[in-house]
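# A closer look at the structure
Okay, here's what each chain looks like letter by letter:
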2 protein chains.
Amino acid sequence: MANALDRLGLAAGDRVATLAWNGYRHFELYFGVTGSGRVVHTINPRLAPDQVAWIANDAEDQVLCFDMTFLPIVKAVWSKCSTVKHWVALCDADKLPADTGIPGLVSYEAWIGREPVGYAWPQLDERCAAALCYTSGTTGNPKGALYSHRSTLLHTFAVSMPDALSLSASDTILPVVPMFHVNAWGLPYAAAMTGAKLVFPGGALDGKSVYELIEGENVTMAAGVPTVWLGLLNHMAEVGGKFASMRRTVIGGSACPPAMIRTFKEKYDVTVLHAWGMTEMSPVGTVGTLKLQQSRLPLDDRLAIMGKQGRAVYGVDMKIVDGEGRELPWDGKSAGDLLVKGPWIISQYFKAAGGDPLVDGWFPTGDVATIDADGFMQITDRSKDVIKSGGEWISSIDVENIAMAHPGVAMAACIGITHPKWDERPVLVVVRRAGTNVTAAELRAFYEGKIAKWQVPDDVVFVDAIPLGATGKMQKVKLREQFKGYVLPGA
Amino acid sequence: MANALDRLGLAAGDRVATLAWNGYRHFELYFGVTGSGRVVHTINPRLAPDQVAWIANDAEDQVLCFDMTFLPIVKAVWSKCSTVKHWVALCDADKLPADTGIPGLVSYEAWIGREPVGYAWPQLDERCAAALCYTSGTTGNPKGALYSHRSTLLHTFAVSMPDALSLSASDTILPVVPMFHVNAWGLPYAAAMTGAKLVFPGGALDGKSVYELIEGENVTMAAGVPTVWLGLLNHMAEVGGKFASMRRTVIGGSACPPAMIRTFKEKYDVTVLHAWGMTEMSPVGTVGTLKLQQSRLPLDDRLAIMGKQGRAVYGVDMKIVDGEGRELPWDGKSAGDLLVKGPWIISQYFKAAGGDPLVDGWFPTGDVATIDADGFMQITDRSKDVIKSGGEWISSIDVENIAMAHPGVAMAACIGITHPKWDERPVLVVVRRAGTNVTAAELRAFYEGKIAKWQVPDDVVFVDAIPLGATGKMQKVKLREQFKGYVLPGA
């Protein structure tokens, strides 16, 4: 595949994009693209086509490789992706449909099949770019986080350590977390470093499929967001399943409900490792592995600690500060803005988008957290505006901006409402423009084609006024208080 | 202590030497000296005073810190160390003798006691020097191996990984291997990185002291050379001791007799991790952690694998070559010169002593080894210790390991003796275990069925002691000199 990239004339540093599930071809792209000096750019296929096109253009992707599942997205965007010269379908030659309309579309296997097997891997500057992920920030357009070979290697060491994810050649790792989601938390790299077996779920993320894959492949460690584990646990309860080999699971993306940690432990003898990170952090910042004294506590006490986001892995520095930037004590009570620093944390976004994000050399996470005397960090207030739904982030501002484009809307605020399955779901709070009478159904329909379906607010509530702060900004904290206990339709 | 170095006016990169056991002051020196930008130079106190002086002069040490045990060495060398301006005794002020004759001698605690507690640690170039160790080569003067902050950090990550030494905050590590011996194999750094508890034995390395320290401090992992473990096992057999918390031990420095690996496992449920490395390699190159399939084999099969030196840790590349430099297969049978490559392996000695040591970018270890299909490397001999008999190679280590399994043998060395017909023939030099009276005939009979007939030593010679080097290794060069002109029976 690296030979095929050479044949295309791709220069060092050129971006090769993917729209793909977790699979072996995606894994080949991870290493072939980066090992030959190019940059693998994993695009989240759950984004709306316009967002996909915007990101591909911003990244100036030269090649885009996609799973056939995502052919509809590619059909919708190819004409808008001005820099993409080559389209590759991740399939065998005989699986390629005849008339996709996508110019020059080639199957992955035909594309690489004509190349020699050997490749002279170049010696690369360790600080050159290896991988690119976009984060859907709270404000404005998505911004790219660009990882170097160096930052990736150091991150891989750190996540593989015994007190982090403890990965070895005796492990079989199932990354349910997608490879398009911050490189599946670095697990493809960690498996390569440690010699662990890697199992790919493809697009089959329902409880039954995941359970059968775990048992069929003797998975010892699986990683994913709480939503997927909910499906897994429901299925296991139904069929009375047990795990033969699985002993631990890493949960991140959003906070794991304590009841889930308890169920995994009590019913299945599986240790949940809570982990926390960000796209800007490669992504791992903390892992909740217990210390020796903590591991000897009664289960309830252990569960309370395991519910926190965990200790910083080696290489990551954390601090919490108050509104004036003064550092707060690690007492497990003082909550402040969480800032981080380390060799795999970005110092700026791709193309310097959004300017310098650092505060005195520290990256502000946008999360509010406490840190206890043992170094366990706990996020108390999740970043104020972002809505975390099923492990994915929904930018409230994106949702609001679209609403604001509707002629019937005077002001709109999007907030997250607690949801039993998705953790949070967006609700749009709207002040109608005087003299109009727009309905909730009309507004929800207005989102069609503008953002992904799962990003569309579950409900629209009309109010007379939205509380504003001194500088004219909407006070979402007040709004959330006002909607505390609000029950979503169908929830 | 870093403040005290500043007050002395020490420049960045200046060397601070130590002559010290494993203790907390030595540990402070490791981090204070390197963290403030200077280089910690650990000198082996088992060297002859003239060698100590030669090394201190070659390193251009500015400060020399020593344990009071080593005062006699310092008294013998201070006038010959032309660059050392400051002598520090690692003790309390009231423990300092009045009239040592050493100019300006100060106690460590008095020296650092007047300094403020805080220190503004500089941001250092990661490629600047951090630590210096001399290797006592078999030919010529000792040569220095200089480690950078970068190489040390990467090495520390690699040795802490699950398939290497698997170190975590729940471990209590006892480095019996001295901190003057290649930085105690990197364990002081690894403990700091992982948050493990570190236990220091000082100079008390006898079986009883080591055993009591292990039990008293709940040590989970200990590291040392076979000689020290022999004393420990003897003591435990005497007192009928068991380990409450120790579960694994890392053995390196020289090959561990298979009988010892078995005793640790069968009698004490302690897994021996065979490790191999060199001063020039920071030092770790391989660790013998079993792979999943191997761990399911019967004990005897496992022990056979554990007797090998192990798999390369991530970051180290290995190859074996024949006399013409052609790479040999990893079949577990083909033996060849072992070469290594990696980010913590030196590319040249300190001050470029001895010229360029590399062969096409690879460091020649001077060991002869096989590598099997699982990547397990086994040293069959030192290049210079191999016995060449009738065109075939006899591994002196194989011959010694069998002898060491005999209950009447305390120590055994096998050397090649010139033979008119066969070129060389093996002779076994044995120190009897106290209270036993094993004969040469009995020992030769003991080899039957264990190795080929032509590999059995032609003669067994009993001695009171085998000469040991400063690092506890048998000095075969001396032994060969001693046996020069020895006439074999029947030759």
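Computed from a predicted model, the values in this text were never measured in an experiment. (Residues numbered from 1 in each chain as written. Chains lettered and ligands numbered in written order. Predicted model: local features only at pLDDT ≥ 70, side-chain atom pairs only at ≥ 80, totals over all residues. Heavy atoms only, no water.)

As a further point, take the overall build of chain A. Within chain A, the regular secondary structure consists of 15 helices and 23 strands. The C-alpha atoms of chain A give 23 Å as radius of gyration, which agrees with the globular expectation for 491 residues (23 Å, within 12%). Overall size of chain A, expressed as C-alpha extent along the three principal axes, is 65 × 65 × 50 Å. The proportion of buried residues among the 491 residues of chain A is 57%. In chain A, the proportion of contacts linking residues at least 24 apart, taken out of those at least 6 apart, comes to 66%. Summing over all exposed atoms, chain A offers an accessible surface of approximately 19,900 Å²; the carbon and sulfur share of this is 52%. Averaging the coordinates of the 46 positive side-chain charges in chain A and doing the same for the 51 negative ones gives two points 1 Å apart. (Helix = DSSP H or I, 4+ residues; strand = E, 2+ residues; numbered from the N terminus. Rg over C-alpha atoms; globule rule 2.2 N^0.38 Å. Buried < 20%, exposed > 50% of the residue type's maximum accessible area, 1.4 Å probe, protein only. Contact = heavy atoms within 4.5 Å. Areas by Shrake-Rupley, 256 points an atom, 1.4 Å probe, with all protein chains shown as cover. Lys, Arg positive; Asp, Glu negative; His and termini not counted. Charge placed at Lys NZ, Arg CZ, Asp CG, Glu CD.)

A few words on the pattern of salt bridges. Considering all chains together, one arrives at 43 salt bridges over all chains under this definition. A salt bridge links K208 of chain A to E212 of chain A; the nearest nitrogen and oxygen atoms lie 3.1 Å apart. Taken together, the residues span about one helical turn, with K208 of chain A and E212 of chain A both in helix α8 (residues 207–216) at a distance of 4 residues. Between R326 of chain B and E324 of chain B there is a salt bridge, with the nearest N and O atoms lying 3.0 Å from each other. Its relative accessible area of 61% is what places E324 of chain B among the exposed residues. A network of salt bridges, in which partner residues are shared, links E126 and R150 of chain A together with E126 and R150 of chain B. (Salt bridge = Lys/Arg side-chain N within 4 Å of Asp/Glu carboxyl O.)

Let us look at the domain arrangement of chain A. Residues and elements named next belong to chain A. Per the domain assignment, the segments making up chain A are domain 1 (2–124), domain 2 (150–382) and domain 3 (387–482). One C-alpha centre belongs to domain 2, the other to domain 3; they are set 30 Å apart. With 9 residues of domain 2 at the contact, the number on the domain 3 side is 10 residues. With both sides pooled, the region where domain 2 packs onto domain 3 buries about 820 Å², and carbon together with sulfur makes up 48% of that total. Counting across the domain 2 and domain 3 interface gives 0 salt bridges. Here the side of domain 2 that touches domain 3 is composed, by residue class, of 4 nonpolar, 4 polar and 1 charged. (Domains from an automatic or database assignment. Buried area = accessible area lost by both parts, 1.4 Å probe. Nonpolar A, V, L, I, M, F, W, Y, C, P; charged D, E, K, R; others polar.)

This part takes up the confidence of the model for chain A. In the predicted model, chain A carries a mean pLDDT of 92, and the fraction of residues at 70 or more is 97%. Our summary of model confidence lists the complex with pTM equal to 0.86 and ipTM equal to 0.86. (pLDDT = per-residue confidence, 0-100.)

This part is about helix α8 (residues 207–216) of chain B. Residues and elements named next belong to chain B. Taken as a whole, α8 has its buried residues at G207, V210, Y211 and I214. Buried residues along α8 cover an arc of 100 degrees about the axis, so they all sit on one side. Taken together, the buried residues of α8 touch β8 (172–175) and α9 (226–239). Within two residues after α8, N218 carries a phi angle of roughly 55 degrees, on the positive side. (Arc of directions from axis to C-beta.)

Moving on, we get to the interface of chain A and chain B. Contacts between the two partners involve 23 residues from chain A and, on the opposite side, 23 residues from chain B. Of the roughly 1,900 Å² buried at the junction of chain A and chain B (both faces included), carbon and sulfur atoms supply 67%. Our count for the chain A to chain B interface comes out at 2 salt bridges. Between R150 of chain B and E126 of chain A there is a salt bridge; the shortest N-O distance is 2.5 Å. At the surface where chain A touches chain B, the tally comes to 6 residue pairs in polar contact (both at pLDDT 80 or more). When contributions to the side of chain A that touches chain B are tallied by element, the ones reaching two or more residues are α6 (149–160) and α7 (187–194) of chain A. (Polar contact = N/O pair within 3.5 Å; in protein donor to acceptor, adjacent residues only side chain to side chain.)

What follows deals with helix α9 (residues 226–239) of chain A. All names here are of chain A. Helix length check: α9, at 14 residues, gives a terminal C-alpha distance of 20 Å against a target of 20 Å (1.5 Å per residue), a fit within 8%. All of the buried residues in α9 are P226, T227, V228, W229, L232, L233, H235 and M236. As for α9, its buried residues are in contact with α8, β10 (221–224), β11 (248–251) and α10 (258–268). Positive backbone phi, at 65 degrees, marks G240, one or two positions downstream of α9. (Expected span 1.5 Å × (residues − 1).)

Looking now at the nonpolar core. In terms of nonpolar packing, the biggest core is built from 257 residues, with F264 of chain A together with F264 of chain B touching the most fellow members. Leaving out residues up to four positions away in the same chain, F264 of chain B has contacts with W229, L232, L233, F243, M246, T249, I251, D269, V270 and V272 of chain B. (Core = buried A, V, L, I, M, F, W, Y, C linked by side-chain atoms within 4.5 Å.)

All names here are of chain A. It is the contact of α6 with α7, at a shortest axis distance of 9 Å, that shows an interaxial angle of 75 degrees. Accordingly, the angle class assigned to the pair α6 and α7 is roughly perpendicular. For the pair formed by α6 and α7, the contact residues are T152, L153, T156, F157, V159 and S160 on the first element and Y189, A190, M193 and T194 on the second. (Axes fitted to C-alpha atoms, helices over the stretch in contact; angles between N-to-C directions. Parallel < 35°, antiparallel > 145°, perpendicular 65-115°, else oblique.)

So, on to the environment of P116 of chain B. Residues and elements named next belong to chain B. Tracing the backbone shows P116 in the loop between α5 (108–113) and β6 (129–135). Given a relative accessible area of 51%, P116 falls into the exposed group. Taking the C-alpha atoms as reference points, P116 and M1, 115 residues apart in sequence, are found 9.2 Å from one another.

A word on the sheet that holds strand β8 (residues 172–175) of chain A. Residues and elements named next belong to chain A. The strand order across the open sheet formed by 7 strands is β9-β8-β10-β11-β12-β13-β14, and the pairing between neighbours is mixed. Of all the strands in the sheet, the pair left with one neighbour each is β9 (197–198) and β14 (311–312). Pairing analysis gives 2 bridges linking strand β13 (residues 284–287) to β14, with the strands arranged antiparallel. In the strand pairing of β14, T286 is matched with A312. (Pairing = 2+ DSSP bridges.)

Let's shift gears to the sheet that holds strand β5 (residues 106–107) of chain B. All names here are of chain B. In spatial order, the strands read β5-β4-β3-β1-β2-β6-β7; together these 7 strands make up an open sheet with mixed pairing. Strands with a single pairing partner mark the edges of an open sheet, and in this sheet they are β5 and β7 (143–148). Pairing geometry for strand β2 (residues 39–42) and β6, over 3 bridges, is parallel. In the strand pairing of β6, H41 is matched with L132. The sheet strands contacting helix α2 (residues 24–35) are β1 (15–19), β2, β3 (63–66) and β6, and the helix crosses β2 at an angle near 145 degrees. Contacting β1, β2 and β6, helix α3 (residues 49–59) crosses the sheet at an angle of about 145 degrees to β6.

A separate point is the environment of D458 of chain A. Residue and element names in this part refer to chain A. Among the structural elements, D458 can be located in the loop between α14 (440–446) and β23 (459–462). The class for D458 is partly exposed, based on a relative accessible area of 22%. In sequence terms D458 and A440 are 18 residues apart; their C-alpha atoms lie 9.8 Å from each other. Aside from chain neighbours lying at most four places away, what touches D458 is H419, R425, P426, R444, L488 and P489. At 2.8 Å, the side chain of D458 and the side chain of R425 are in polar contact.

A few words now on the environment of R150 of chain B. By the element assignment, R150 of chain B lies in helix α6 (residues 149–160). Measuring from C-alpha to C-alpha, the distance between R150 of chain B and S245 of chain B comes to 34 Å, with 95 residues separating the pair along the chain.

Excluding glycine, most residues fall at negative phi; most peptide bonds, likewise, are trans. With omega at 10 degrees, the peptide bond leading from S282 of chain A into P283 of chain A counts as cis. Even without a glycine there, the phi angle at D360 of chain A is positive, about 55 degrees. Inspection of the secondary structure puts D360 of chain A in the loop between β16 (336–341) and β17 (363–371). With phi around 50 degrees, A184 of chain B is a residue other than glycine that occupies positive phi space. Here A184 of chain B shows up in the loop between β8 and α7 (187–194).

Residue and element names in this part refer to chain A. Packing of helix α2 (residues 24–35) against α7 leaves a shortest axis separation of 11 Å and a crossing angle of 75 degrees. In terms of axis orientation, α2 runs roughly perpendicular to α7. Of the residues in α7, those in contact with F27, Y30 and F31 of α2 are P188, Y189 and A192. When grouped by side-chain class, the residues that make up the contact of α2 with α7 number 6 nonpolar, no polar and no charged.

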